[in-house]
Amino acid sequence: MGHPVLRTRARKLERADLRNADIQRLIDDMIDTMVEYHGVGLAAPQVHEDVRVFVAVLDGHQEGEAEGEPVVIVNPEITPAAGTESIEGWEGCLSIPDIRGRVLRAREITLRGLDRRGERIERQLQDFPARVAQHETDHLDGILFFDRMRSFESLTFLDEYSRYWAKD
């Protein structure tokens, strides 16, 4: 937190950009970084790159525990499902280590974008995977989870979250 790229809208990538070895290496490095730091998602601005790319585990995990293969989403677009409710849930961020807070998000979304080969993808997500996709897409717009909190009353250090709130 504090690096200007985290507060800047990232630039869109063209399909042709995805053939660039540097972009593919960035994606591989992002996956490695996310796994190394036990994250469930990581956006390019978090590693100081201003491109609209995020990696995340969107299948086969429970809240906060990544299991499954990371997916790559380029130029994501999110649409809340018609009539979906918004729910408040706990979030953390690799850019704001050891802090948690409750954030209001759409419970169910449609996520559209490109994969790392430039193929169109569309995923219906709900609950924690939907939260992860919304959180990472916010990073591409220069938004941190603090900005989405309705109140800072739930803001807590990870140790206190684990002790008092993790079952919440």
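Predicted, not measured: the structure shown is a model, and the values here were computed from it. (Residues numbered from 1 in each chain as written. Predicted model: local features only at pLDDT ≥ 70, side-chain atom pairs only at ≥ 80, totals over all residues. Heavy atoms only, no water.)

Caption draft 1: Main features of the packing of aromatic side chains. Within this structure, the stated rule accounts for four aromatic pairs. A centroid spacing of 5.0 Å and a plane angle of 65° characterise the contact between Trp90 and Tyr161, whose relative ring orientation is edge-to-face. In this pair, Trp90 is assigned in strand β4 (residues 86-93) and Tyr161 in helix α4 (residues 158-165), connecting sequence segments 71 residues apart. Overall, Trp90 belongs to the buried group, its relative accessible area being 5%. Between Phe146 and Phe152 the ring centres are 6.5 Å apart and the planes differ by 85°, which places this aromatic pair in the edge-to-face class. Grouping aromatic residues by their ring pairs yields a cluster made of Trp90, Tyr161 and Trp165. (Phe/Tyr/Trp six-rings, centres within 6.5 Å; stacked < 30°, edge-to-face > 60°. Helix = DSSP H or I, 4+ residues; strand = E, 2+ residues; numbered from the N terminus. Buried < 20%, exposed > 50% of the residue type's maximum accessible area, 1.4 Å probe, protein only.)

Caption draft 2: Examining the pairing of strand β2 (residues 53-56) more closely. Covered by surrounding structure in β2 are Val53 and Val55 together with Phe54 and Ala56, the residues of both alternating faces. Here three bridges tie strand β1 (residues 41-43) to β2, and the two strands are oriented antiparallel to one another. Directly across from Leu42, in β2, lies its bridge partner Val55. By the bridge criterion, four bridges tie β2 to strand β3 (residues 71-80) in an arrangement that is antiparallel. Looking across to β3, one finds that Val55 is bridged to Val72. (Pairing = 2+ DSSP bridges.)

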